[in-house]
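Here are the chains, one letter per residue:
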Amino acid sequence: MTTHATTPFDDQKPGTSGLRKQVKVFQQTGYLENFVQAIFDCVPDLRGGTLIVGGDGRYYNDTAIQIILRMAAANGVAKVRVGQGGLLSTPALSNLIRVSNAQGGIILSASHNPGGPNGDFGIKFNGDNGGSAVESVTQAIFERTLEIDSYNEISADDVDLSALGTAHIGDMQIEIVDPVTDYMALMETLFDFDKIKAMISGGFSVCFDGMHAVTGPYAKAAFIQRLGVPAGSLMNVEPSEDFGGGHPDPNPVYAKALFNKMFADDAPDFGAASDGDGDRNIVLGKGLYVSPSDSLAILAANIHLAPGYEEGIVGVARSMPTSRAADLVAKKAGVDLFETPTGWKFFGNLLDAGRITLCGEESAGASSDHAREKDGLWAILAWLNIVAARGMSVKDIVRDHWATYGRHYYSRHDYEALDTAKAQAVMSALEGKLADLPGQSLHGETVSMADSFAYTDSVDGSVSRNQGLRVEFESGSRFVMRLSGTGTVGATLRLYLEKYAPPGEDHDADLQETLKQIAAIADELTDLKAITQRAAPSVMS
Ligand code: VG1
Ligand code: CO
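Residues numbered from 1 in each chain as written. Chains lettered and ligands numbered in written order. Predicted model: local features only at pLDDT ≥ 70, side-chain atom pairs only at ≥ 80, totals over all residues. Heavy atoms only, no water.

Mind laying out the site of ligand 1, listing which residues take part and the relevant values?
In the neighbourhood of ligand 1, 20 residues make up the surrounding shell, with S111, R280, S484, T486 and R494 lying closest. The contact in question runs from an oxygen atom of ligand 1 to an N or O atom on the side chain of D279, over 3.0 Å. In this structure, an oxygen atom belonging to ligand 1 sits 2.6 Å away from a main-chain N or O atom of G485. Residue classes in the shell around ligand 1 are distributed as no nonpolar, 10 polar and 10 charged. (Near = heavy atom within 4 Å. Polar contact = N/O pair within 3.5 Å; in protein donor to acceptor, adjacent residues only side chain to side chain. Nonpolar A, V, L, I, M, F, W, Y, C, P; charged D, E, K, R; others polar.)

Quick one: what's the story with the pairing of strand β25 (residues 478-483), residue by residue and with numbers?
Within β25, 5 of the 6 residues are buried, leaving the element largely enclosed by the surrounding structure. Note that β25 and strand β26 (residues 491-501) share 6 bridges and pair antiparallel. Looking at the pairing, R478 lines up with E498 of β26. (Buried < 20%, exposed > 50% of the residue type's maximum accessible area, 1.4 Å probe, protein only. Helix = DSSP H or I, 4+ residues; strand = E, 2+ residues; numbered from the N terminus. Pairing = 2+ DSSP bridges.)

Which residues make up the sheet that holds strand β24 (residues 469-473), and what are the values?
Judged by pairing direction, the sheet is antiparallel, and its 7 strands sit side by side in the order β20-β21-β24-β25-β26-β19-β27 without closing on themselves. In the strand order of this sheet, the two ends are held by β20 (441-442) and β27 (539-540), each with one partner. Of the strand pairs in this sheet, strand β19 (residues 407-418) and β27 are connected by 2 bridges, and their pairing is antiparallel. Along β27, the bridge assignment pairs D414 with V539.

I'd like a description of the coordination of the cobalt ion (ligand 2), backed by residues and values.
Of the protein atoms, only S111 (OG), D275 (OD), D277 (OD) and D279 (OD) coordinate the cobalt ion (ligand 2), at distances of 2.0 to 2.1 Å. When the donor residues of the cobalt ion (ligand 2) are listed from N- to C-terminus, their spacing reads S-x163-D-x1-D-x1-D. One end of the pair, S111, is in the loop between β5 (104-108) and β6 (120-126); the other, D279, is in the loop between β12 (270-274) and β13 (281-285), and 168 residues separate them in sequence. This pair shows no difference in class: S111 is buried, exactly as D279 is. (Donors = N, O, S within 2.8 Å, 3.2 Å for Na, K, Ca; no water.)

Kindly report on helix α16 (residues 511-526), identifying the contributing residues and their values.
The terminal C-alpha atoms of α16, which comprises 16 residues, lie 22 Å apart, in line with the 22 Å expected from a rise of 1.5 Å per residue. At Q517, α16 is bent by approximately 40°, the largest bend along its length. Residues T514, L515, I518, A519, I521, A522, L525 and T526 constitute the buried set of α16. Backbone nitrogen of Q512 and a side-chain oxygen of the N-cap are separated by 3.4 Å at the start of α16; the cap is D510. Among the residues trailing α16, D527 stands out with phi positive, at a value near 60°. (Expected span 1.5 Å × (residues − 1). Bend = angle between axes of the 7 residues up to and from the residue.)

Can you break down the environment of A330 residue by residue, with the values?
Mapped onto the secondary structure, A330 falls in helix α11 (residues 325-333). Relative accessible area serves as the criterion here: at 0%, A330 is assigned to the buried category. Taking the C-alpha atoms as reference points, A330 and P239, separated by 91 residues in sequence, lie 38 Å from one another. Filtering out sequence-adjacent residues up to four positions away, A330 remains in contact with V316, V335, D336 and L337. (Contact = heavy atoms within 4.5 Å.)

Account for the pattern of salt bridges, with residues named and values stated.
Counted according to the given criterion, the structure contains 32 salt bridges. The closest approach of N and O atoms between D56 and R58, which form a salt bridge, is 3.0 Å. Note on accessibility: D56 and R58 belong to one class, buried. A salt bridge links E147 to R144; the nearest nitrogen and oxygen atoms lie 2.8 Å apart. Of this pair, E147 and R144 both sit in helix α5 (residues 135-147), 3 residues apart, which is roughly one turn of the helix. Taking the relative accessible area as the measure of exposure, E147 reaches 52% and is therefore exposed. A cluster of three or more residues bridged by salt bridges with shared partners is formed by R318, R324, D327, E339, D451, R470, E472, R478 and E498. (Salt bridge = Lys/Arg side-chain N within 4 Å of Asp/Glu carboxyl O.)

For the packing of helix α8 (residues 215-226) against helix α13 (residues 376-390), give the residues involved together with the corresponding values.
Direction vectors running N to C along α8 and α13 enclose 20°, while the axes themselves pass 11 Å from each other. Taken together, the axes of α8 and α13 are roughly parallel relative to one another. Remark: the crossing between α8 and α13 carries right-handed chirality. On the side of α8, the interface is formed by Y218, A219, A222 and F223, while α13 contributes L377, I380, L381 and L384. (Axes fitted to C-alpha atoms, helices over the stretch in contact; angles between N-to-C directions. Parallel < 35°, antiparallel > 145°, perpendicular 65-115°, else oblique. Left-handed = near helix turned anticlockwise from the far one by under 90°.)

Can you tell me about the nonpolar core, naming the residues and giving the values?
Judged by nonpolar contacts, the single largest core of 72 residues is most densely connected at F191, F223, F270, W378 and W383. Not counting residues within four places of it along the chain, the set of residues in contact with W378 comprises Y183, M187, L190, F191, L299, I303, Y309, L358, A366, S367, S368 and H370. The next biggest cluster of nonpolar side chains, apart from the first, holds 44 residues, and it includes L51, I65, A72 and I106. (Core = buried A, V, L, I, M, F, W, Y, C linked by side-chain atoms within 4.5 Å.)

Could you give an account of empty space enclosed by the protein, naming the residues involved and the relevant values?
In the structure shown here, the tally under the stated rule is 2 cavities of 30 Å³ or more. For the largest cavity, the calculated volume is near 40 Å³. Contributing to the lining of the largest cavity are N281, P292, S295, L296, E361, A364, G365 and A366. Elements represented by at least two residues in the lining of the largest cavity include exactly α10 (292-302) and β18 (365-368). Each residue belonging to the lining of the largest cavity can be placed in one class, and the counts come to 4 nonpolar, 3 polar and 1 charged. (1 Å grid on protein atoms, 1.4 Å probe; cavity = no way out; pocket = protein on both sides within 12 Å on 5 of 7 lines; lining within 4 Å. Points joined across faces, edges and corners; volume = space filled by probe spheres on them.)

Which residues make up the side chain of R20, and what values do they have?
Along the chain, R20 turns up in strand β2 (residues 19-22). Buried within the structure, R20 lacks any salt-bridge partner; its nearest side chain of opposite charge belongs to D277, at an N-O separation of 5.6 Å. For R20, the contacting residues outside a window of four places in its chain are F26, S109, A110, S111, H112, N113, F121, G122, T486 and T488. (Lys, Arg positive; Asp, Glu negative; His and termini not counted.)

Please give an account of the packing of helix α2 (residues 31-42) against α5 that cites residues and values.
For the pair α2 and α5, the least separation of the axes is 8 Å and the interaxial angle reads 125°. It follows that α2 is oblique to α5 by the angle criterion. α5 is crossed by α2, and the crossing has right-handed handedness. Where α2 abuts α5, its residues N34, F35, A38, I39, D41 and C42 lie against A140, I141, R144 and T145. Taken together, the residues of the contact of α2 with α5 break down into 6 nonpolar, 2 polar and 2 charged.

Below is the structure:
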């Protein structure tokens, strides 16, 4: 074993989803190693234990895995299970931790951020429950990165990850596993594949966009091999190091090809896409995009139609900025609704404690107690199972949901790559006004509540503050503003807009038009456009 020097870095506080930086930053001597050594130092159970490693296949995935393998061997890990070709989707890795009784896993991904030598890279540690490490662990890892000045590594040749099998570095065993098998076995226990298959062979057409990212192999196994979807119905299902030069974020801008297809005259019955690491999903019907917040609510209202959820749900959780559509479903079902800060890690404790069955975020992530990560393909299969069980189109299911519960018009406006100081100035402008807002009337809307969201974990009692600014109105409308924790260039400001139309009211109005007034109030209170010098958001989803 050799010990190498590493320079501690003081700027690598991980964000919502692990440490994400530009590839160039990760390529600095000792940078990745610093973070990885901090993981081994802070999670002593890994010594003598099992570790799962894999990533979304982006540029630097292979290099990083070889480094991690040599460091794992030097730090006394007994066994590493790694996905063939270095690939593992985030939900599949989460599952593999659980089925392997591993002590943790390292996910190499920057999710929806672009890849390639000039793109982004990321690393995240998940604990033995399969979920993102809790804040106390991520904080300990971060603090450790600031103090260590060396890391351990065994010198060894690169391990061939291209074929299934076993290898060794020192005393450590490396098992190269198929990334798809265990995941598909889990899906088989949850959904009625035969029913979905019968619907597809009856002429129901499906289109899936893998965005050149990690879900390609999973989609081929599920859609082509298991469900009989024609191969030509799948787009971009070969993973590539730079995601085909694209941005693997399934939104109307970056998944434009899919959107165009689903809004064309000859649109398939069902369209879906997943992001870089396979944890997010979007679902579209003919001429309709299902808002992720609505998707969570509709899953909550219908998931009992899938065999794995026959007994119904025990509770639902959503991130704070996610629309309150799911709240109404939980209320009607008589189960608890939890509102957590943005970022999947906050769902873990609730899932482990058996308090919730489903959880989701407005950013196109949903999942259930089958995993401890959001799970893109799971959500897509859940939708297909529901469509098959109800015998209704996606559009009719959505419209029926609105007719029953009302519609939450909802949109997120992202202002990307802002000057950090300006983005902070916008947040401060609003924060300074919060206390005086209640009771004020703005453009005919009266403020009922305004605060900086703080969350108390009902399982372990931990408190997370400053999780976004929210302004609610008596009409039931609201807006939320927060800074992204996953961007790597400057700052990204997210403005979340929501307006509720109860059952019986118009549910067909233009989305952005409906939300215009709330957006204008947000702008007026923050001077957003004047401070950032941006006339319009970078992305509206
Ligand atoms: C974004 C989303 C958040 C999600 C996070 C990680 O975070 O808003 O809902 O949990 O990405 O998703 P932020 O801090 O940039 O708003 V993923 O698919 O990148 O694991
Ligand atoms: Co992701």
